[in-house]
Amino acid sequence: MRVLLALLLLLEQVLGFVLVLPQQMVRLIALHSDTFDDCEEKALKLCKEGNYADALPLFEQSLELPGDGFDIVRVQRTASPVGGAPVLRDLEETRFPSNEQKQTSYFNIAACHAQLGDDAKALDAIETALSLGFDDFELLTSDADFANLQSDIARLITKYKQQNNAFPSLPSSFGLPSFGSLFGGSSSKNSD
């Protein structure tokens with residue numbers, strides 16, 4: 001998008017007159033974002049203005065943009081003097097939204113859908129946020145955006161809690177000692 005804008009500005013200078021762009025194209029250029037944080041900021045501003053229809057695609061777009069999560073990947077294989085170890089020039093950092101950023105985006109996507117009257121999509125987005133580990137149940141039950149969905153949200157929260165309690169922690173399920181008491185936590189055994 002920025003390249004397109006730069007080309008349009010260059011074209012205006014070369015031709016010597018101002019190009020008139022369609023309003024929709026001007027809006028797309030203005031809403032373009034390169035990072036998760038930038039996109040989220042623009043979407044939240046639109047939400048504050050009550051413009052949920054324009055905020056929704058930005059929250060969805062933020063899931064595809066570079067965020068706080070990262071990984072180091074090998075982009076090519078070059079012969080290494082150490083025999084197979086990656087050479088630094090062969091490595092590249094890849095950035096993506098962190099799990100917390102994904103949770104936040106899905107929460108905001110749900111809020112936009114709820115405000116636009118699409119309850120089914122709002123509940124789907126809430127369920128996705130819960131599956132990613134979103135656990136601010138108080139926010140879900142008190143947010144005004146979800147006022148008409150409270151019974152469905154309560155059902156989803158109950159389902160999520162049951163799923164998380166279905167699998168006991170691995171150390172206790174294999175009879176291994178709990179190390180929680182070593183770090184100030186409670187011990188799972190009764191002391192007599």
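Residues numbered from 1 in each chain as written. Predicted model: local features only at pLDDT ≥ 70, side-chain atom pairs only at ≥ 80, totals over all residues. Heavy atoms only, no water.

Caption draft 1: Quick look at the environment of Gly50. Along the chain, the position of Gly50 falls in the loop between helix H3 (36-48) and helix H4 (52-62). When its relative accessible area of 44% is taken as the criterion, Gly50 is described as partly exposed. The spatial distance from the C-alpha of Gly50 to the C-alpha of Cys112 is 9.6 Å, given a sequence separation of 62 residues. (Helix = DSSP H or I, 4+ residues; strand = E, 2+ residues; numbered from the N terminus. Buried < 20%, exposed > 50% of the residue type's maximum accessible area, 1.4 Å probe, protein only.)

Caption draft 2: Region of the structure containing the side chain of Asp143. Structurally, the position occupied by Asp143 is in the loop between helix H7 (137-142) and helix H8 (150-165). In this structure Asp143 is buried but unpaired, with Lys48 as the nearest side chain of opposite charge at 13 Å. Within the structure, the side chain of Asp143 is placed 2.7 Å from the backbone nitrogen of Asp145, a separation counted as a polar contact. Asp143 has contacts with Phe107 and Gln150, leaving out every residue within four places of it along the chain. (Lys, Arg positive; Asp, Glu negative; His and termini not counted. Salt bridge = Lys/Arg side-chain N within 4 Å of Asp/Glu carboxyl O. Polar contact = N/O pair within 3.5 Å; in protein donor to acceptor, adjacent residues only side chain to side chain. Contact = heavy atoms within 4.5 Å.)

Caption draft 3: Summary view of the state of the cysteines. Summed over all chains, the structure comprises zero disulfides. Free cysteine Cys47: the closest other cysteine sulfur is in Cys112, separated by 3.9 Å. Looking at Cys47, the relative accessible area reads 17%, which means it is buried. Residue classification places Cys112 among the buried residues on the basis of a relative accessible area of 0%. (Disulfide = S-S within 2.5 Å.)

Caption draft 4: Up close: the confidence of the model for the protein. Averaged over every residue, the pLDDT of the protein is 77; the share at 70 or more is 64%. Across residues 178-192, confidence stays below pLDDT 50; counting only partners more than four residues off in sequence or on other chains, it has five contacts. (pLDDT = per-residue confidence, 0-100.)

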